[in-house]
Amino acid sequence: MRQLRRRKILEQAFERPFKTFERISTNGGLMLLCVGAIALIWANSPWQDIYTYIFEEFHLKFAVNDFSIDMHTIHWINDGLMAVFFLMAGLEIKREMQAGELSNIKMAALPIFGAIGGMILPIITYKCFGMEGEAAGGWGIPMATDIAFSIGILSLLGDKVPTSLKVFLTALAIVDDLGGVMVIAIFYTSQIQPLYLIGALVLFGLLLIANNIFDIERLHVYLLTGVVIWWLLLQSGIHSTIAGVLVAFAIPMKTKVKSTAFIDGIREILPRFSNIREGLRNSVILDESQIDGMRSIHHLAKNVQSPLQFLENSLHEFVNYVVLPLFAISNSGVIVYNYYANEQPVLFSVVTVAIAASLFIGKTVGITFFSWIAVKTGLAEKPQGSSWHTMLGIGMMGGIGFTMSLFIAALAFKDPNILTQAKLGIFIGSMMSGIIGYAYLKWSLSRDEKINKASGVTTDNA
């Protein structure tokens, strides 16, 4: 009973910030859907040569004296802006590991097991198609879960979805991101230049020392050093976006002002505004005491939030409304009809089917089966009032790969024909997971609600 009460308190404490995250993710997911559709239409319109020129042929050069970086637009987006996406992902991973769903082993066990199954089974499914050559390297593509899309579609079901299920899917996607980052760093790298890699690791070590030994909390120290780490990794052969995760892991999570001290401080300051002389009650001019109080409130509000949490909150809208839409429009342009070639690209291949099947079948079976093992062995607890039918529906939602899958596909395949086939497989697998998962969840949640009402079980609906 005490354990259930403690779990309820933790979930209620998590609910408010989660609703903000859910709102941004839902809107971001809908925007990605629209932008992806625009890219698909644009890439197959009479203006497809403009699309190809802007993203694949046009160069952008940044130069300061003898230092310069010259890349195509798509590489600036995939190698540069996506580092900001990985920075935010790294901040989410660190927060969850230190103070969220992944900080308590009992609470973390279910999403961790689900995520492991959701990575292993899609790889096995992909390998079962027996591909060779460059096509064989796409095994990492169906590993990932797109947080924005999956939470966005889940939110369409409204208050029928218990908060615990939304938290489970979010935590699972975050563990997926961590697995994806490790796979990119280890398996999807070109020839490594050790001196640049050593330089990046030395700077990362200095950031850890700055945080853990010298308690340096100024964000610009970490972010400016992060830009240098990004450049070093860009030259090293390790994918440069990993710099975002490294910097995120080094950013402080400690606060200068504890929440209790913040509340006490606000209580001490408020009387300065309530004890105003009657004649000045409607005045727009503050006296010196009140101005000093405003400064104190600003100081308290600034320092009650850790640098990590401040940066994460600051990045959410930029990433969801700028970075990911740019990534989607530059990477979603699958050319189905080529206006300027005699031969049309081969769209459907073993790669297309393998990726679609791995996302829809591999993810669904992997997440559900490994979650079932964790619960049956007593290592984790199933969300209260949820059936295995509902968990199966959540597993389907985990098959929405989109963003990270497209990103890994761009690293895995250099042949444009294979990359096109992979993108189509990602779209098909993600759409099947989203549409069928939504319909199945709608049925299973209604079924759970009827069963829970009959048995008197209450759920933690958001």
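Quick caveat, the model's predicted, so the values are computed rather than measured.

## Topic: the overall build of the protein
Point 1. For the protein, the helix and strand inventory stands at 17 helices and 2 strands.
Point 2. At a minimum sequence separation of 6, the contacts of the protein that also span at least 24 residues come to 82%.
Point 3. Summed over its atoms, the accessible surface of the protein is roughly 22500 Å², and 65% of this surface lies on carbon and sulfur atoms.

## Concerning the side chain of D177
Point 1. Along the chain, the position of D177 falls in helix α6 (residues 163-187).
Point 2. Here D177 sits buried without a salt bridge, and the closest side chain of opposite charge, K363, lies 8.7 Å off (N-O distance).
Point 3. Apart from residues lying up to four places away in sequence, D177 is in contact with A89, I93, T145, I147 and M404.

## A word on α6
Point 1. When the terminal C-alpha atoms of α6 are compared, their 36 Å separation across 25 residues agrees well with the 36 Å that a helix rising 1.5 Å per residue should span.
Point 2. Of all 25 residues in α6, 20 are buried; the element is thus mostly enclosed.

## Some details on the side chain of S387
Point 1. Examined against the element boundaries, S387 turns out to sit in the loop between α14 (350-376) and α15 (388-397).
Point 2. Leaving out residues up to four positions away in the same chain, S387 has contacts with K382, R447 and D448.

## Examining the confidence of the model for the protein
Point 1. Residues of the protein with pLDDT of at least 70 account for 84%, and the chain-wide mean is 84.
Point 2. Mean pLDDT across the secondary structure elements of the protein bottoms out at helix α1 (residues 2-43), with 63, and peaks at α14, with 96.
Point 3. When the criterion is pLDDT under 50, residues 9-14 qualifies, and its contacts beyond four places in sequence or with other chains add up to 6 contacts.

## Remarks on the packing of aromatic side chains
Point 1. Scanning the model with the defined rule gives 15 aromatic pairs in all.
Point 2. Ring-pair connections join several aromatic residues into one group, and the members of that group are F85, F86, F327 and F407.
Point 3. Positioned above the aromatic ring of W388 is the side chain of K382, whose terminal nitrogen or guanidinium carbon lies 5.8 Å from the ring centre.

## What about the packing of α14 against α15?
Point 1. At a closest axis distance of 7 Å, the pairing of α14 and α15 adopts a crossing angle of 135°. By the angle between their directions, the pair α14 and α15 is classed as oblique. Our pair here, α14 against α15, has a crossing hand that is right-handed. Each of F360, K363, T364, I367, T368, S371, W372 and V375 in α14 lies in contact with α15, whose residues at this interface are W388, M391, L392, G395 and M396.
Point 2. For the contact of α14 with α15, the residue count by class is 8 nonpolar, 4 polar and 1 charged.

## A few points about the nonpolar core
Point 1. If you look at the biggest cluster of nonpolar residues, it comprises 109 residues, and the most contacted ones within it are F86, I229, I251, V351 and F413.
Point 2. If near-sequence neighbours (up to four positions away) are discounted, I251 is found in contact with L87, L91, K94, N211, L219, Y222, P307, L308 and L311.

## Side note on the packing of helix α3 (residues 73-99) against helix α13 (residues 307-331)
Point 1. Contact geometry of α3 with α13 gives a least axis separation of 9 Å together with a crossing angle of 145°. The two elements α3 and α13 cross, and the hand of that crossing is left-handed.
Point 2. Split by residue class, the contact of α3 with α13 holds 18 nonpolar, 5 polar and 4 charged.

## Details of the pattern of salt bridges
Any two side chains of opposite charge can pair, so long as their charged atoms come close to each other.
Point 1. As enumerated under the stated definition, the model contains 4 salt bridges in all.
Point 2. Here E96 makes a salt bridge to R95, at a shortest N to O gap of 2.5 Å. Across this residue pair, the class does not change: E96 and R95 are buried.
Point 3. The salt bridge involving R95 is made with E312; its shortest N-O contact spans 2.7 Å.

## As for the pairing of strand β2 (residues 67-72)
Point 1. Alignment of strand β1 (residues 59-64) against β2, held across 6 bridges, turns out to be antiparallel. The partner of F62 across the bridge, within β2, is I69.
Point 2. If you look at the hairpin formed by β1 and β2, you'll find 2 residues sitting between the two strands, and N65 has a positive phi there, around 55°.

## A short note on unusual backbone geometry
Point 1. Notably, D215 is not glycine yet its phi reads approximately 55°, a positive angle.
Point 2. Examined against the element boundaries, D215 turns out to sit in the loop between α7 (194-212) and α8 (219-236).
Point 3. The backbone of F402 shows a phi angle near 25°, a positive value even though the residue is not glycine.
Point 4. Structurally, F402 can be placed in helix α16 (residues 402-412).

Reading guide: rules and limits
- Residues numbered from 1 in each chain as written.
- Predicted model: local features only at pLDDT ≥ 70, side-chain atom pairs only at ≥ 80, totals over all residues.
- Heavy atoms only, no water.
- Helix = DSSP H or I, 4+ residues; strand = E, 2+ residues; numbered from the N terminus.
- Contact = heavy atoms within 4.5 Å.
- Areas by Shrake-Rupley, 256 points an atom, 1.4 Å probe, with all protein chains shown as cover.
- Buried < 20%, exposed > 50% of the residue type's maximum accessible area, 1.4 Å probe, protein only.
- Lys, Arg positive; Asp, Glu negative; His and termini not counted.
- Salt bridge = Lys/Arg side-chain N within 4 Å of Asp/Glu carboxyl O.
- Expected span 1.5 Å × (residues − 1).
- pLDDT = per-residue confidence, 0-100.
- Phe/Tyr/Trp six-rings, centres within 6.5 Å; stacked < 30°, edge-to-face > 60°.
- Lys NZ or Arg CZ within 6 Å of the ring centre and 35° of its normal.
- Axes fitted to C-alpha atoms, helices over the stretch in contact; angles between N-to-C directions.
- Parallel < 35°, antiparallel > 145°, perpendicular 65-115°, else oblique.
- Left-handed = near helix turned anticlockwise from the far one by under 90°.
- Nonpolar A, V, L, I, M, F, W, Y, C, P; charged D, E, K, R; others polar.
- Core = buried A, V, L, I, M, F, W, Y, C linked by side-chain atoms within 4.5 Å.
- Pairing = 2+ DSSP bridges.

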